[in-house]
Amino acid sequence: MRWPRKHTFGLWPKGNSGNRGNGGATGQPEAVAATVATIYNPGCEEKEKYTAQNGDDYYGQANTVDLDVASKYSKPKEAHWLVRRIFFLSWITSYDREQAFADLIAGITLGLTIIPQSIAYAALAGLSSEYGLYSAFIGSIIYVFFGTIPQVSIGPTSLMAILTLQFCADKPVQVVIVLAFLAGLVELAMGVFQLGFIVSFIPAPVTKAFTSGTALIVVFAQIKNLLGVRMKGFPSIGDFFTNIRATDAAMGISCMIVLLLLRLLSQVNFKQDTPVTRRLKKILWYISISRNALVVFFTGLLVFIWVKKSSMEAVPFALSSKVSSAMPTIKLPPFAFEYQNRTYVFTDILHELGSGIVVVPIVAVLANVAIAKAFVKDGNLDASQEMLTLGLCNIAGSFFSAMPTCGAFTRSAVSQASGVRTPMAGIYTGLIVLSALSILTPYFQYIPKASLSAVLIAAVIFMIDLAPVKELWQTNKKDFFSWVGSFIICLVAGVELGLLFGIVLSMVFILLRLGNPKFEVTLKQHESAYYVHIVPQSDVYYTGVDALRSELRGACRLYRNDFPVVLDCGRFMQFDATFSEMLISVAKEMASHDVLLILQNMSLKVQQMLPVLGNVRFCQEDSQLSSHLQVEKEAPALEAKV
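Just so it is clear, the model here is predicted, and its values are computed rather than measured.

Points about the packing of aromatic side chains
For any two aromatic rings, the description comes down to two numbers: the centre-to-centre distance and the angle of the planes.
Now for step 1: Inspection of the entire model under this criterion finds 23 aromatic pairs.
Now for step 2: A ring pair is formed by Phe 240 and Phe 241, whose centres lie 5.6 Å apart and whose planes are at 90 degrees; its orientation type is edge-to-face.
Now for step 3: Owing to a relative accessible area of 14%, Phe 240 belongs among the buried residues under this scheme.
Now for step 4: Taking the relative accessible area as the measure of exposure, Phe 241 reaches 56% and is therefore exposed.
Now for step 5: Judged by centre distance (6.1 Å) and plane angle (75 degrees), the ring pair of Trp 306 and Phe 317 falls under edge-to-face. A residue pair is termed long-range when its members are at least 10 positions apart, and Trp 306 in helix 16 (residues 291–309) and Phe 317 in the loop between helix 16 and strand 2 (337–339) qualify at eleven residues.

Here it is as structure tokens:
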């Protein structure tokens, strides 16, 4: 055979190889015993085969740190849990006048942005204007006390509006309010139980496809209002063009052109950098970010003047619905109500919402965490706290008759560019929205639907990103099919099914990778000895044990059992009985062919799970590997001499 029949093996303490030989006990020559050190003795009882002291010697030499040096460093003290949860307490004590002024400017700027957006998103969700403003008001206030990212602005978004329309179309507004409450509960639970890892299973291509598909749905949904088509459902192409109203189309297209031109103002650069040009650039930037408010204001003013000079019936545009009273009042979400001679109880509402109870909060969390990651300064994002905050915003919003909310990239970018310093800017934004609710409510009915549709389309059209298609086709076919499948299903079957398809497909790919890990098998030479080296190219879980077994057997057959096999165990994850049984089985097969199996980079704890096998060795460093291979090479001659 190629090794002494009773050969001790294991981790080798440096500089102490001769002291732990077992030649006298095993009957082996002293030279072999002096060469091979051990952390356990296979001649002992099973329960005594490992020596803890020996293992400590090995790891102690590798990892010992001078206590004087270590004492100089310590982990930063973690803030009290109350401060981490009510994040307002962590920065309010150092809040100064400079920060307050910067937040005031950012809050006012954001308020001018969020008011027309809220009105437009409420219309997209099929609701009256005030419901969008309720969401903007309460979300901005709550985030001040619990939010961690100053740039994040909680309020109505195109994503939440299209999902609300998807699950609550042609349903009473009370169903929307209960959806906000239930979505908040799910988000709060995800934060409490730290389920943010669920979002990690949604890959970037699926997210981009979902966003692009949702944006395209918004465009299709608003194109009728933009052109004044008042037909329900999906008309034929001929009927669509026949029913276009020239006045609404002129209003909508004009607003689109103005919005796109005003958007370009923020990109204007001057040849000279002087105080005058800097102030002028700042003015152009403010005009650019206020473009939605300007378009809504001037089109509403035009209609208002028209009505005063003639009458409401003489206005040639389709107008928003009339709002009787819009001041928010605190009341419980309507878990039971009557609508059109039918009584809805809580179970009826749950049945009406269906999968929306899960889809809406998951999409909201996905959007909010993505925005927070984009704007976090030190990269240290508390995703659980963001989920808790979003959940509280939606739960509190349901007490003010709000629709589901989350963060929006456009508003966060405006906050960042406005110089926001802390979440306190949300107070000023909320006050501006509240002022709009108390003062401007009677004038919402003068806003043309075409101008709101133009605002929505101009906001989401740049979210449609088809660029990944070509890149993914060239780089990763799996991601390509995930993107295409999610995008098509979003358009055809609904956004929730498109997102579900992307998640399920990515999970299938993950399971396939876990069940079939890749290995690199090479024949290597170390000094004068040859060995077969098997290295996993990814983490190996118990699901990949069969693939590893096949790889070990295949390597032995390929090299005709002529060389020892070195298996790198550094990427074995959650080593359990499945791993142990497989290694024992393969080691016995290799022993029948006189093949040595060396397990490299296996921890002491894992080694203790394996029984004593005569043809198995352990090593951590190249020096230990060299010794094992040298003993293996010399074993036949030594055995013959004995």
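Details of the pattern of salt bridges
Now for step 1: Inspection of the entire model under this criterion finds ten salt bridges.
Now for step 2: Where Arg 85 meets Asp 382, a salt bridge forms, and the shortest distance between an N and an O atom there is 3.5 Å. Within this pair, whereas Arg 85 is found in helix 5 (residues 81–85), its partner Asp 382 is found in the loop between helix 18 (356–375) and helix 19 (383–398), the two being separated by 297 residues in sequence.
Now for step 3: A salt bridge links Arg 278 to Asp 273, with the nearest nitrogen and oxygen atoms 3.1 Å apart.
Now for step 4: Among the residues examined, Arg 278 registers a relative accessible area of 46% and is labelled partly exposed.
Now for step 5: It is possible to trace a salt-bridge network through shared partners that takes in Lys 171, Arg 342 and Glu 352.

Re the pairing of strand 6 (residues 529–536)
Now for step 1: Strand 6 sits mainly inside the fold: seven of its eight residues count as buried.
Now for step 2: Of the strand pairs in this sheet, strand 5 (residues 519–526) and strand 6 are connected by eight bridges, and their pairing is antiparallel. Bridge pairing in strand 6 places Glu 520 opposite Val 535.
Now for step 3: In textbook terms, the turn of a hairpin is the stretch between consecutive antiparallel strands, and for strand 5 and strand 6 this stretch comprises two residues, one of which, Glu 527, has a positive phi near 60 degrees.
Now for step 4: Pairing between strand 6 and strand 7 (residues 565–568): three bridges, direction parallel. Pairing of Val 532 across the sheet is with Val 565, part of strand 7.
Now for step 5: Handedness of the crossover joining strand 6 and strand 7 through helix 26 (residues 545–558) is recorded here as right-handed.

Some thoughts on the side chain of Thr 109
Now for step 1: Tracing the backbone through its elements, the reader meets Thr 109 in helix 7 (residues 97–124).
Now for step 2: Judged by its relative accessible area of 5%, Thr 109 is buried.

Concerning the nonpolar core
Nonpolar side chains in soluble globular proteins tend to end up buried together.
Now for step 1: Core analysis: the largest hydrophobic core is formed by 98 residues, its most contacted members being Leu 163, Leu 353 and Val 363.
Now for step 2: Among the elements that make up this core, the one with the highest residue count is helix 18 (13 residues).
Now for step 3: With near-sequence residues (within four places) excluded, Leu 163 lies in contact with Val 359, Val 360, Val 363 and Val 495.
Now for step 4: Listed in part, the 32 residues of the second largest apolar core include Leu 552, Val 565, Phe 579 and Leu 597.

What to know about the environment of Met 231
Now for step 1: Mapped onto the fold, Met 231 is located in the loop between helix 12 (204–227) and helix 13 (237–242).
Now for step 2: Residue class for Met 231 comes out partly exposed when judged on its relative accessible area of 26%.
Now for step 3: The sequence separation of Met 231 and Asn 243 amounts to twelve residues, and the corresponding C-alpha distance is 7.8 Å.
Now for step 4: The contacts of Met 231, once residues within four sequence positions are left out, are Lys 224, Asp 239 and Asn 243.

Quick look at the environment of Asp 103
Now for step 1: Among the secondary structure elements, Asp 103 is positioned in helix 7.
Now for step 2: By relative accessible area, Asp 103 is classed as buried at 0%.
Now for step 3: Once the C-alpha coordinates of Asp 103 and Ile 427 are considered, the two residues, 324 residues apart in sequence, prove to be 9.1 Å apart.
Now for step 4: In contact with Asp 103, not counting residues within four places along its chain, are Tyr 95, Val 420, Arg 421, Thr 422, Met 424, Ala 425 and Tyr 428.

As for the environment of Val 535
Now for step 1: Following the sequence through the fold, Val 535 ends up in strand 6.
Now for step 2: Residue class for Val 535 comes out buried when judged on its relative accessible area of 18%.
Now for step 3: Spatially, the C-alpha atom of Val 535 lies 8.8 Å from that of Arg 571, the residues being 36 residues apart in sequence.
Now for step 4: Non-local contacts of Val 535, meaning those with residues more than four positions away in its chain, are made with Lys 518, Phe 519, Glu 520 and Asp 568.

Quick word on the sheet that holds strand 7
Now for step 1: Strand order in this open sheet of five strands is 5-6-7-8-9, and the pairing throughout is mixed. Each edge of the open sheet is held by one strand with a lone partner, namely strand 5 and strand 9 (616–619). Going from strand to strand, the sheet's axes swing by 25 degrees on average, the running direction of each strand aside.
Now for step 2: Sheet topology places strand 7 next to strand 8 (residues 597–600); four bridges connect them, and they run parallel. Across the sheet, residue Val 565 finds its bridge partner in strand 8, namely Leu 597.
Now for step 3: Of the strands in this sheet, strand 5, strand 6 and strand 7 touch helix 26, which is tilted by about 40 degrees from strand 5.
Now for step 4: Of the strands in this sheet, strand 7, strand 8 and strand 9 are in contact with helix 27 (residues 577–592), which crosses strand 8 at around 145 degrees.

Digging into a nonpolar patch on the surface
Now for step 1: A cluster of nonpolar side chains, Phe 270, Leu 280, Ile 283, Ile 287, Leu 294, Phe 297, Phe 298, Leu 301 and Ile 305, forms an exposed patch at the surface whose accessible area comes to about 760 Å².
Now for step 2: Looking at the nonpolar patch, the elements with two or more residues in it are helix 15 (275–289) and helix 16.
Now for step 3: Along the chain, Leu 301 falls in helix 16.

Considerations on the packing of helix 9 (residues 158–168) against helix 18
Pairs of packed helices are described in terms of their axes, by the angle between the two and the distance that separates them.
Now for step 1: It is at 10 Å that the axes of helix 9 and helix 18 come closest, and there the two elements cross at 175 degrees. The angle between the axes of helix 9 and helix 18 places the two elements in the roughly antiparallel class. Every residue of helix 18 that contacts helix 9 at Leu 159, Met 160, Leu 163 and Phe 167 is listed here: Gly 356, Val 359, Val 360, Val 363, Ala 364 and Ala 367.
Now for step 2: Class assignment of the residues belonging to the contact of helix 9 with helix 18 gives a composition of nine nonpolar, one polar and no charged.

Examining the packing of helix 26 against helix 27
Now for step 1: For the pair helix 26 and helix 27, interaxial distance at closest approach is 10 Å and the crossing angle is 15 degrees. On the basis of their axis angle, the class for helix 26 and helix 27 is roughly parallel. As for the relative orientation of helix 26 and helix 27, their crossing is right-handed in sense. Contacts between helix 26 and helix 27 involve Val 545, Leu 548, Arg 549, Leu 552, Arg 553 and Cys 556 from the former and Thr 578, Phe 579, Met 582, Ser 585, Val 586, Glu 589 and Met 590 from the latter.
Now for step 2: Classifying every residue of the contact of helix 26 with helix 27 by side-chain character gives eight nonpolar, two polar and three charged.

Side note on the confidence of the model for the protein
Now for step 1: Taken over all residues, the pLDDT of the protein has a mean of 80, while the share at 70 or more is 84%.
Now for step 2: By mean pLDDT, the top-scoring element of the protein is helix 10 (residues 173–192) (93), and the lowest-scoring one is helix 2 (residues 30–35) (36).
Now for step 3: Considering only residues more than four positions removed or in separate chains, one finds that residues 1–63, a stretch of pLDDT under 50, has 127 contacts.

What counts, and at which threshold
- Residues numbered from 1 in each chain as written.
- Predicted model: local features only at pLDDT ≥ 70, side-chain atom pairs only at ≥ 80, totals over all residues.
- Heavy atoms only, no water.
- Phe/Tyr/Trp six-rings, centres within 6.5 Å; stacked < 30°, edge-to-face > 60°.
- Buried < 20%, exposed > 50% of the residue type's maximum accessible area, 1.4 Å probe, protein only.
- Helix = DSSP H or I, 4+ residues; strand = E, 2+ residues; numbered from the N terminus.
- Salt bridge = Lys/Arg side-chain N within 4 Å of Asp/Glu carboxyl O.
- Pairing = 2+ DSSP bridges.
- Right-handed = clockwise from strand over helix to strand, strands pointing away.
- Core = buried A, V, L, I, M, F, W, Y, C linked by side-chain atoms within 4.5 Å.
- Contact = heavy atoms within 4.5 Å.
- Axes fitted to C-alpha atoms, helices over the stretch in contact; angles between N-to-C directions.
- Patch = residues over 30% accessible without salt bridge, like charges linked within 9 Å, V, L, I, M, F, W, Y side chains within 5 Å.
- Areas by Shrake-Rupley, 256 points an atom, 1.4 Å probe, with all protein chains shown as cover.
- Parallel < 35°, antiparallel > 145°, perpendicular 65-115°, else oblique.
- Nonpolar A, V, L, I, M, F, W, Y, C, P; charged D, E, K, R; others polar.
- Left-handed = near helix turned anticlockwise from the far one by under 90°.
- pLDDT = per-residue confidence, 0-100.

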